[in-house]
Structure formats: C-alpha cells, structure tokens
Amino acid sequence: MAGNSFGTLFRLTTFGESHGRALGGVIDGCPAGIELDIEAVQNELNRRKPGQSAIVTQRKEPDIVEIYSGLFEGKTTGTPIGFAIHNTNQKSKDYSHIKDSYRPSHADYVYDKKYGFRDYRGGGRSSARETASRVVAGAIAKQFLPNIEINAFVSQVGKLKVQRPYQELDFKEIEKNPVRCADPEMAKQMEDYIKSIKKEGDTIGGVITCVAKNVPIGLGEPVFDKLHAELGKAMLSINAVKGFEYGSGFEGVLMKGSAHNDQFNKDGTTKTNLSGGVQGGISNGMDIYFNVAFKPVATVLQGYETINKEGEKVKTQGRGRHDPCVVPRAVPIVEAMTALVLADYYLLARVNKV
C-alpha cells in the first residue's frame, strides 16, 4: 500500500490499524532545538479520542502517546521523531458479522477488490482511528509555527447552521460544549439533534470551519503545489470528507468580479477577504479560512441489505461503537492537517530566496 506519507520537508508517515496493537508514525524534517510540550500534544489527542461525551463513540481508549526517538532533554534533535499510541479497547467480535460481506459506503468492498484481502475489524487501515497519528504530528507542528493561530469549529450539523461570520464568534467557546461549536446557542441545538439521531440508530453529517490567523505572506509553492490546493488535499484525505471550499467558495459564483475583488489598503492588507487569505496559491497575510464537509457516518445501527464475497444479497445489522456524527471529534484532526500543511510550507519558504 502506497500513500502513507504526507508532506515534503516536514513529512509524516503513519502506520497501524483500528484493531491492531498500536497506531503511530514517524516525523521527518522537524527542526532541532524545539522545546516540545508533551502535555500539549497529549491534550490534542484527548480532544480527538473516543468516549469523551455522550454524542460520540463509546469506545474507551486512553490514547496515550509514547515518543521513542527524536527527543533529548525535552528538545527535538532534528532526527526522526517516532511515536506510538497503543490500542487497548478493541472489540473485534463486533465485526465478525461482516467478515464475508461489505458495509455500504465503506471501504470494505474496494479494499478487498484492490488488495485481495482486508482487515474487517473496524475497517483496519481505512478506519478513522488512523487520524490519531495525524493529531500527534499536527500538535508538534503547531509548536514551531511562529504566532500562527489555528482554530476549527463545528459550523453545521445537518440543517442546523451557524449564521454569524467567524469574525463575530468567540473561539474560547469551542471547547466549552461537546459539539465544539463556537456559537453556544447553536451548540445546544446541535447536541440535542445529534442525540435524537443516535436514538434512531442513524447518523448525520456536518461542516467544520477552520481559521488560520497571522499566517505570514509567502507560503505556497506554485504551480502545482498551491497553498489552497495542499490544504484541499489535506482535508480530503480525512475519512468521511466530501467537500472543501476556501474563501468565498461556491458562493463566489453568484458575484460579479467588481464585487468579488479584494481591494488593497495602503499597507498591503485588503478591505475584504473573499480570497480566503490565498492569492495565486500563495498566502497574502490575511486570515485563511475554509469549510470542510463531512458525510454521515456510514455505519448505521439498523438493519440493511448488502452483498457478500460471492455477490449474493444478504441482510445484516449494524453493530459496534460508532459516532452518530463525526464532526465534534474531527475538529482537532482538521486543525492538525492545517498545521502540517503550514509547517511544511513554512520550512519550504526558507529556501525561496537568500
């Protein structure tokens, strides 16, 4: 299997399966001399881990990260950082009923056809549990990005949508509710809605908005490695993601160019920011903001019809511990992937000119 690495200079390679002994990764290219705050890394993992509230999967995993290399006396050495997160609460028997059949809208069928073999326990490598390794790497990347602030929050669940622009929201509210919505009133409505969906044995999708502030001018490598293109790739690599838009996004098609253009101020900032902080594939110093759409979780705890390995129609029932809505736990994943992209381009920018 190819495609297990992300990044150019700051590069992450991940390993592990949902029900294997451990997940983990190796980070290449982390600068030496960074005083690493392990507690901050663990805190990011705690935001992603299962079992943290009534509206997420109840799999109980401590998700404690163990770092095996690349650190000495609390500082990065510049050598590869190897780390692991051990699985402790697998219930593989929950998946025995799909050993010979395929769950609709999961990776089961295509993995089997592509590789001729699959790990059916929780989806194996295709499980969103793989993203724990990304969160570790993103938490490390955040610690050497100078002054850059990355905040993601749930802005929509089903039809429930935050109506205020992000500039009017208080990001301190994000961690005060289990949905991780920056609008407290909407957060309560979203929480109640997710609970009702869970009672039905069903799932619902949503949108995460991410904002990166204080990004310096000049990050991005045209022509094929534009900053927004790499952010799009990063987000679309996350499980269950179905859409990415930055700046004005799809709403921009409704506007005339004269209205859409971001007019300059004398200091080089712009009066508006419909470009989303990126022009010509390069950051322009304004806020970078984008939306990431997540589909409803494919595993529904209801009866359904599917096919088995012989192509025969069979009936089965969704089982196990699953998120009724993935977006609350995906917030730190979106932040982590944003940090990985910005960290990589921050290092690349150092070699652009003397």
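Residues numbered from 1 in each chain as written. Predicted model: local features only at pLDDT ≥ 70, side-chain atom pairs only at ≥ 80, totals over all residues. Heavy atoms only, no water.

Enquirer: Any chance you could break down the overall build of the protein for me, citing the residues and the numbers?
Expert: Secondary structure assignment for the protein yields seven helices and 16 strands. Computed over the C-alpha atoms, the radius of gyration of the protein is 21 Å, within 12% of the 20 Å expected from 2.2 N^0.38 for a compact globule of 354 residues. Taken across its 354 residues, the protein has 50% of its residues classed as buried. Relative to all contacts within the protein whose residues are 6 or more apart in sequence, the contacts with residues 24 or more apart total 71%. As displayed, the protein offers around 17100 Å² of accessible surface, 52% of which is attributable to carbon and sulfur atoms. Separation of charge centres in the protein, based on 46 positive and 41 negative side chains, amounts to 4 Å. (Helix = DSSP H or I, 4+ residues; strand = E, 2+ residues; numbered from the N terminus. Rg over C-alpha atoms; globule rule 2.2 N^0.38 Å. Buried < 20%, exposed > 50% of the residue type's maximum accessible area, 1.4 Å probe, protein only. Contact = heavy atoms within 4.5 Å. Areas by Shrake-Rupley, 256 points an atom, 1.4 Å probe, with all protein chains shown as cover. Lys, Arg positive; Asp, Glu negative; His and termini not counted. Charge placed at Lys NZ, Arg CZ, Asp CG, Glu CD.)

Enquirer: Give a detailed account of the packing of helix 3 (residues 131-142) against helix 7 (residues 327-349), specifying residues and quantitative values.
Expert: At a closest axis distance of 8 Å, the pairing of helix 3 and helix 7 adopts a crossing angle of 50°. One way to sum up the angle between helix 3 and helix 7 is to call them oblique. In this structure, the crossing between helix 3 and helix 7 has a hand that is left-handed. Counting all contacts with helix 3, which are made through Thr131, Arg134, Val135, Ala137, Gly138, Ala141 and Lys142, the residues of helix 7 involved are Pro332, Ile333, Glu335, Ala336, Met337, Ala339, Leu340 and Ala343. A class-by-class count of the residues in the contact of helix 3 with helix 7 yields ten nonpolar, two polar and three charged. (Axes fitted to C-alpha atoms, helices over the stretch in contact; angles between N-to-C directions. Parallel < 35°, antiparallel > 145°, perpendicular 65-115°, else oblique. Left-handed = near helix turned anticlockwise from the far one by under 90°. Nonpolar A, V, L, I, M, F, W, Y, C, P; charged D, E, K, R; others polar.)

Enquirer: Before we move on, can you summarise the pattern of salt bridges with the specific residues and values?
Expert: As enumerated under the stated definition, the model contains 17 salt bridges in all. Residue lysine 142 pairs with glutamate 44 through a salt bridge whose shortest N-O separation is 3.2 Å. Within this pair, whereas lysine 142 is found in helix 3, its partner glutamate 44 is found in helix 1 (residues 38-48), the two being separated by 98 residues in sequence. Residue classification places lysine 142 among the partly exposed residues on the basis of a relative accessible area of 24%. We classify glutamate 44 as buried; its relative accessible area is 13%. The shortest N-O distance in the salt bridge between glutamate 175 and arginine 180 comes to 2.9 Å. Among the ionic contacts, a cluster of salt bridges with common partners joins Glu44, Arg47, Lys142, Glu175, Arg180 and Glu335. (Salt bridge = Lys/Arg side-chain N within 4 Å of Asp/Glu carboxyl O.)

Enquirer: Tell me about the sheet that holds strand 9 (residues 160-161), and name the residues and values.
Expert: Read across the open sheet, the five strands follow the order 9-8-10-14-11; overall the sheet is antiparallel. Of all the strands in the sheet, the pair left with one neighbour each is strand 9 and strand 11 (241-246). On the sheet, helix 4 (residues 184-199) packs against strand 8 (149-157) and strand 9 and is oriented at approximately 55° with respect to strand 8. Contacts from helix 7 reach strand 8, strand 10 (206-213) and strand 14 (288-294), with the element oriented near 145° to strand 8. (Pairing = 2+ DSSP bridges.)

Enquirer: Kindly report on the packing of helix 1 against helix 7, identifying the contributing residues and their values.
Expert: Contact geometry for helix 1 and helix 7: axes closest at 7 Å, N-to-C directions at 140°. With respect to each other, helix 1 and helix 7 are oriented oblique. Residues Glu44, Arg47 and Arg48 of helix 1 pack against Arg329, Val331, Pro332, Ile333 and Glu335 of helix 7. Looking at the contact of helix 1 with helix 7 residue by residue, the classes come out as three nonpolar, no polar and five charged.

Enquirer: Explain the environment of valine 300 to me, and be specific about the residues and the numbers.
Expert: Mapped onto the elements of the fold, valine 300 is located in the loop between strand 14 and strand 15 (303-307). C-alpha of valine 300 to C-alpha of proline 222: the two residues are 78 residues apart in sequence and 42 Å apart in space.

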